[in-house]
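# What the coordinates show
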Amino acid sequence: MSIYELKPRFQALLRPLVVALHARGVTANQVTLSACAVSVALGLWLYLAATSLAAFALIPAWMFLRMAFNAIDGMLAREHHQQSRLGAFLNELTDVVSDAALYLPFVLVQPFSPFWVGTVIVLAGLSEFAGALGPTVGASRRYDGPLGKSDRAFVFGALGLYVALGGPLPGWTALLMPLLALLVAWTVVNRVRRALAEGDAADSATPKQTTGIQ
């Protein structure tokens, strides 16, 4: 089960806020771009300028708020008639950029390998690309796990909190990033496989037109 499956309950809690934001003229694209800007600023600041590991506590705090931002922009788009072609591009592209920025600071944490952190970043982008390609083969946008965006947010948020609390990571945790890379790769495979199955099922359910000479 993916954390993504809990999204409807989370949305129900946010709905009154969404209604209030809509009444004030806030748009889905504004929320999307704001979340991306904060993610990039936080990730780059932690990577380039943070002077203490305690600053990593900002990652779990922002990961939670970012999930709220993501839910809010989707609800504004769907429930308040703000869906647009530009919004569809922004929704996918900003997620990949935000994830990359927020995972980047973990290259500074021992015993994580920068190579494996980079691999997770690349595979995370591919997993979202694979999910977004679902409609091109007659399937829905795929959110299959085992390590989708919400699951990764939970993992990296927990890691950020542990680092911020000053807990030294034991040597065996060097294997954590390769494990995460494997799980994200599995996610890519699952999304492709299930999108193809869904597309095939849709094709089978569509009556085929036949032509003949009379």
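Residues numbered from 1 in each chain as written. Predicted model: local features only at pLDDT ≥ 70, side-chain atom pairs only at ≥ 80, totals over all residues. Heavy atoms only, no water.

## Thoughts on the packing of aromatic side chains
For the record, the criterion: Pairing of aromatic side chains here covers Phe, Tyr and the six-membered ring of Trp, requires ring centres within 6.5 Å, and sorts the geometry by plane angle: under 30 degrees stacked, over 60 edge-to-face, intermediate tilted. Runs of H or I in DSSP of at least four residues are treated as helices and runs of E of at least two as strands, each being numbered from the N terminus. The rule is simple: take the accessible area with a 1.4 Å probe, protein chains only, and divide by the maximum for that residue type; under 20% is buried, over 50% is exposed, in between is partly exposed.
Scanning the model with the defined rule gives 6 aromatic pairs in all. Between Phe10 and Phe64 the ring centres are 5.9 Å apart and the planes differ by 55°, which places this aromatic pair in the tilted class. You can see Phe10 sitting in helix H1 (residues 7–23) and its partner Phe64 sitting in helix H3 (residues 58–79), a full 54 residues away along the chain. Since its relative accessible area comes to 48%, Phe64 is described here as partly exposed. Ring geometry for Phe115 and Trp116: centres 5.2 Å apart, planes at 80°, overall edge-to-face.

## Here we look at the nonpolar core
Note that soluble globular proteins tend to have their nonpolar side chains buried in a common cluster. In plain terms, the rule: We call a set of buried Ala, Val, Leu, Ile, Met, Phe, Trp, Tyr and Cys residues a nonpolar core when their side-chain atoms join them within 4.5 Å. By definition in these notes, contact holds between two residues if any of their heavy atoms fall within 4.5 Å.
Counting 29 residues, the largest nonpolar core has Phe106, Phe112, Phe156 and Met177 as its most contacted members. Of all the elements in the fold, those that place two or more residues in this core are helix H2 (28–48), H3, helix H4 (85–103), helix H5 (114–132), helix H6 (149–164) and helix H7 (176–205). In terms of residue count, H6 provides more of this core than any other element does, 5 residues in total. Excluding residues within four positions of it along the chain, Phe156 makes contact with Ile59, Met63, Tyr103, Phe106, Val120, Met177 and Leu180. Counting residues in hydrophobic clusters, the runner-up holds 10 residues, among them Ala28, Val31, Leu76 and Ala77.

## Concerning H6
The criterion, for reference: Multiply 1.5 Å by the residue count of a helix minus one, and that product is the helix's expected span.
Here H6 spans 22 Å end to end across 16 residues, near enough to the 22 Å set by a 1.5 Å rise per residue. Just beyond H6, the residue with positive phi is Gly166, at close to 85°.

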